Amino acid sequence: MANTIQVKFKDGSIRLFSAGVTCKDLAFTISKSLGKKAVAVKVNGQSFDLSYVLESDAEVEILTLEDSMGIEVMRLTTAHVMAQAIKRLYPEVKLAIGPVIPGGFYYDFADRTFNLEDLSKIEAEMKRIIQENLPIERRVVSREEALAYFQEKDERFKVEMIQDTPIGEEITLYQQGEYTDLCRGPHLPSTGLVKAFKLMSIAGSYWRGDANREMLTRIYGVAFRTHQELNNHLREIEEAKQRDHRKVGKEQEIFMLCKEVGQGLPIWLPKGAKIRRLIESYMIDLEEKMGYEHVYSPHLANINLYKIADYLQQYSDELYPSLKLDKQEELILRPINCPHHMMVFKSKVRSYRDLPVRIAELGMMHRNEIPETLTGLERVRVMTMNDAHIFCRQDQIKEEFKQVVRLIKQVYDDFGIINYFYRLSYPNLHGQDDTKWELSQQQLKETLDELGLDYVEEINDAAPYGGPKLDVQVKTASGKTETLSTIQLDFQLPEHFELNYINETSQKECPMVIHHSILGTLERFIAFLIEQYQGAFPIWLAPIQVRVVTVGQDYEDYAQEVAKKLQHSGIRVELDANAETLNYKIRRAQIDRIPYTLVIGERELGMQVVRPRHYGRGDLGVMSLDIFLARVQEEVYHKELLI
């Protein structure tokens, strides 16, 4: 008689089965409906195909397309369906890798260049493969068998992956019809279970992410449970494209990029420069009110400064080549601001009574980013960081950390940022003094709990040169989650630079450092704002706050008088007295996202009034210029949003 095993399900129930039962049979035993919906299974927390055989007691969760893991399984199978379709259409193509990514999948190919016109042909072949409903079979093979198979197929990337697989590690192949791939799985039982999908885009990539290796072609796709979900996703993508900071930034003349200047080197146009200066002034004023002292430090530094910081060894790929002036001096474009601020603190003797010392800077940094990663303002090669370092005693950490969190919340309130979450990350200790690190982690957790913040925790995600850190994560228009603000404790840099202060007993003691950046880089922050506001900057940030438009040339003198009074009152104003029709001027102002448009015609001239149109609320009727001016000044003061 077969052995009996206990299977515990997600709802806590326990049932008995014969050893050797497959998870597919187990699903049908529970109910025919579940058996039909099942796509994969989790056994003791690990994901497997439905063909997985249970030989001993286990905790089992049957996965369907209602589960996020079930969707990932479908997306992985869809990647294989795409690769199979491409091999049918273009047999000369070589396969690299095809993983699942958030929202979809991709596959990398070599030996053929694809274009967007190819995608419809590939999709059509994919649909045929899905209609064929090919069974998907998993096979465990020996290293020798796998190598022989892919060497015969001349699949060089698969051969390399097998050769790099540790001896003794299980190697699995998945076969569907004539197509066989190297994959860990799990996969759907058959290709017919793939639902709604679409191939989205083509990009370049390097084999194994190494710029020195072969260039590949990457095809991205998405897959969902239903066509309705797919259509919703495509609509969201289209909406995101309309908000994309690269598109809006070009239309609104905020910044420009050109190959003559260089990749990843944006030029701030007059409107963008105005927005940037307003944000810089806002941040400097706010930090100075909170006791920060702003400094300027050079873009170049002696390479030894970064050797002391232990930066060269860890981030050599990000550095530009050094400038060797003579045998005595070797300079480097600075990739971070931290070492400069360490030297500011070290420039004079400090007492415990002087602490905390808060040093801040809008510091420009230079990083040699890979060309393929450069994206508008989000990823650039020259960036300005809203950087600050707090030098404090151990007993001051919690209060200083709270003050920084409060500063973040105030800034986010002023900019209307509401969709964000906190992520607390801990570093790998790497043999460091565990007591100090664990104490700091405990202090940070206590601080966040005392502030009543909700946060997620991640282990070993903090930067290796620092201690535990708190990141503020936001979602961009493209759906990506990005870090906007960061606070991090650091024990190492103060020790590397031999910083000290004189404590209560007249002894030298090393200070703690809190790194923080509220805005991150100005480039990424403004890219985020462009997308959040859809180009309609709130009136306090708008490069042009009011546009005065005339009905005809007879009213130009009064329009100039109105514009001059607004300008003298500190309002950023522009006069449009061109010969176009009034409707055209008003429509142009809407396209330019001008907060207020003042229409000047016969009635306004006769009554000595103005007629404002608000970007979001439309025509506000006639009012005196003084009342309008007071209204604008009030909205600027309260930092009101347009939309």
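Structure: see above.
Owing to the predicted nature of the structure, the values given are computational and were not obtained by experimental measurement. (Residues numbered from 1 in each chain as written. Predicted model: local features only at pLDDT ≥ 70, side-chain atom pairs only at ≥ 80, totals over all residues. Heavy atoms only, no water.)

**Student:** Would you mind showing me how to read helix α18 (residues 582–591) here?
**Tutor:** Because an α-helix packs 3.6 residues into every turn, residues spaced three or four apart end up facing the same way. Residues Lys585, Ile586 and Ala589 constitute the buried set of α18. Looking straight down α18, one finds its buried side chains confined to an arc of 95°; they lie on one side. On its buried side, α18 packs onto β31 (546–550), β32 (573–576), β33 (596–600) and β34 (611–614). (Buried < 20%, exposed > 50% of the residue type's maximum accessible area, 1.4 Å probe, protein only. Helix = DSSP H or I, 4+ residues; strand = E, 2+ residues; numbered from the N terminus. Arc of directions from axis to C-beta. Contact = heavy atoms within 4.5 Å.)

**Student:** Would you mind going over the environment of Leu305 with me for this structure?
**Tutor:** One can find Leu305 in helix α10 (residues 303–308). With 209 residues separating them along the chain, Leu305 and Ile514 place their C-alpha atoms 20 Å apart. Filtering out sequence-adjacent residues up to four positions away, Leu305 remains in contact with Pro339, His340, Met343 and Phe497.

**Student:** How do you make sense of the pattern of salt bridges when you look at a structure like this?
**Tutor:** Opposite charge on two side chains allows them to pair when their charged atoms are near. Inspection of the entire model under this criterion finds 47 salt bridges. The residue Glu361 makes a salt bridge to Arg334 at a minimum N-O spacing of 3.4 Å. One end of the pair, Glu361, is in strand β22 (residues 357–366); the other, Arg334, is in the loop between β21 (330–333) and α12 (338–346), and 27 residues separate them in sequence. Both residues of the pair, Glu361 and Arg334, belong to the buried class. A network of salt bridges, in which partner residues are shared, links Arg88, Glu125, Arg128, Glu132 and Glu178. (Salt bridge = Lys/Arg side-chain N within 4 Å of Asp/Glu carboxyl O.)

**Student:** Looking at this model, I keep getting lost on the packing of helix α9 (residues 270–289) against helix α16 (residues 522–533). Mind explaining?
**Tutor:** When two helices pack together, their arrangement is given by the angle between the helix axes and by the axis-to-axis distance. Following both chains from N to C, one finds α9 and α16 inclined at 110°, their axes separated by 11 Å at the closest point. In this view, α9 runs roughly perpendicular relative to α16, as classed from their interaxial angle. Crossing angle aside, the handedness with which α9 passes α16 is right-handed. Where α9 abuts α16, its residues Arg276, Ile279 and Glu280 lie against Leu522, Glu523, Phe525, Ile526 and Leu529. (Axes fitted to C-alpha atoms, helices over the stretch in contact; angles between N-to-C directions. Parallel < 35°, antiparallel > 145°, perpendicular 65-115°, else oblique. Left-handed = near helix turned anticlockwise from the far one by under 90°.)

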